[in-house]
Amino acid sequence: MDTGTHIVMGIALGGLATLDPVVALSPVTATSVMIGTIVGSQIPDIDTVLKLRNNAVYIRNHRGVTHSIPAVILWPLLIIAVIYPFSSEANLLHLWLWTFLAVFLHVFVDIFNAYGTQALRPITNKWVALGIINTFDPIIFSLHIIAILFWAFGSNPGYTFLTLFIVLIGYYLLRIFTQQQVKTNVKKMIPDATEIILSPTMRYNHWRIAVMTENSFYVGRSHQHEIEIYDKFHRIPIPNTPVLAAAQKDKNLAAFLSFSPVFRWEVTELEDQYQVRFIDLRYRSNGHYPFVAVVHLDLNLNIITSYTGWIFSEDKLKKKLDILTN
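I will try to describe carefully the structure that is included in this document.

Rules used in this analysis
- Residues numbered from 1 in each chain as written.
- Predicted model: local features only at pLDDT ≥ 70, side-chain atom pairs only at ≥ 80, totals over all residues.
- Heavy atoms only, no water.
- Axes fitted to C-alpha atoms, helices over the stretch in contact; angles between N-to-C directions.
- Helix = DSSP H or I, 4+ residues; strand = E, 2+ residues; numbered from the N terminus.
- Parallel < 35°, antiparallel > 145°, perpendicular 65-115°, else oblique.
- Left-handed = near helix turned anticlockwise from the far one by under 90°.
- Contact = heavy atoms within 4.5 Å.
- Salt bridge = Lys/Arg side-chain N within 4 Å of Asp/Glu carboxyl O.
- Buried < 20%, exposed > 50% of the residue type's maximum accessible area, 1.4 Å probe, protein only.
- Pairing = 2+ DSSP bridges.

Details of the packing of helix 1 (residues 3–16) against helix 6 (residues 92–110)
- Running from N to C, helix 1 and helix 6 point in directions that differ by 140°, and their axes come no closer than 10 Å. Regarding the angle of helix 1 to helix 6, the classification is oblique. Classified by chirality, the crossing of helix 6 by helix 1 is right-handed. Contacts from H6, M9, L13 and L16 of helix 1 reach helix 6 at W98, L101, A102, L105, H106, V109 and D110.

Here's what the structure looks like:
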């Protein structure tokens, strides 16, 4: 989820913790728990700083080790090690329990969007991405804000946020049911589909669709359970050519391939160089596929420049590549 949603989730957990008698009877523990749940709901995303290095490092590592099983165990210990010296009268066990719940919930809700996490690492490095909830879901965020406002105007925080979480469980179940309906409708339209990838949007009944068959890729959208296919591409495996083999050694393209399950590729021979482009088919927007990896090689197959990330026009891509070259 986005940063704002994780923050309000941390506040909600801190309010819910007042149902814990140990927390409710100790103002020091209650304050410490609130700090712990807010920090715990944020800390797995500390790897966002990797974006300061470059997109390749960010794509390969964001929601990776910081969302892994060892991290979920270690983050709460690190947080309470910082908090407890300033509030030694707080109940240490209950501070740890609620902080752990905040970290766990952060990682758990992240698996429901299309980006996903490596939440099962080190058991497996596979990305777990259920594609049920958008990274920012206005309904989830709004429900949290409403509950916080109820608390601000005097309602019991424990029961207010308990009600919120019960409603959210129902909402998640409803989203799962809706997703399955969309998949069923896609399967009816494309019966030979081998894989159906749905990406939720901020609008409840809008889903991006990417479908694989043995020979083709289909790209479309679902609106109010009506399926519309926009593009169809012939599915061509990456050939073992010298140009593509050299391009795949590039760190930006390698990061793209580690992240994108549905893509097409193209090679363009320019006057004095080759351009290799890989295009993610999951994020079609206004007739454009903005998530790409591009590698330029000279005629001796040396990498000149490369880029991976979100590009919404060819002019911007050219400027990015020119900047990186210089």
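Text resumes after the structure shown.
Brief notes about the pattern of salt bridges
- Applying the stated criterion across every chain, the model contains 4 salt bridges.
- For R63, the salt bridge goes to D110, with nearest N and O atoms at 3.7 Å. Here R63, found in the loop between helix 4 (55–61) and helix 5 (69–83), pairs with D110, found in helix 6; they are 47 residues apart in sequence, far enough to count as distant. For the residue pair R63 and D110, the accessibility class agrees, reading buried in each case.
- Put simply, D231 and R284 hold a salt bridge, and the shortest N to O gap is 3.1 Å. One end of the pair, D231, is in strand 4 (residues 226–234); the other, R284, is in the loop between strand 6 (273–280) and strand 7 (291–298), and 53 residues separate them in sequence.

Some thoughts on the sheet that holds strand 2 (residues 206–212)
- Pairing within the open sheet is antiparallel, and its 4 strands lie in the order 1-2-3-4. The open sheet has two edge strands, strand 1 (195–200) and strand 4, and neither has a second partner. Ignoring strand direction, the axes of neighbouring strands in this sheet form an average angle of 20°.
- As paired strands, strand 1 and strand 2 are joined by 6 bridges and run antiparallel to one another. Each residue of the ladder has a partner; that of S199, found in strand 2, is R208.
- Strand contacts of helix 8 (residues 157–189): strand 1, strand 2, strand 3 (216–223) and strand 4, with the helix running at about 135° to strand 1, the strand carrying the most contacts.

Here's the deal with unusual backbone geometry
- Cis rather than trans, the peptide bond between R121 and P122 has omega equal to 10°.
- By secondary structure assignment, the location of P122 is in the loop between helix 6 and helix 7 (138–152).
- You will see that H225, though not glycine, has its phi angle at about 70°, which is positive.
- Checked against the element boundaries, H225 lands in the loop between strand 3 and strand 4.
- Classification of H225 as partly exposed rests on a relative accessible area of 30%.
- One non-glycine residue with positive phi stands out, namely L301, at about 70°.
- Note that L301 resides in the loop between strand 7 and strand 8 (303–310).
- Relative accessible area serves as the criterion here: at 27%, L301 is assigned to the partly exposed category.

Geometric values such as these leave the question of function open.
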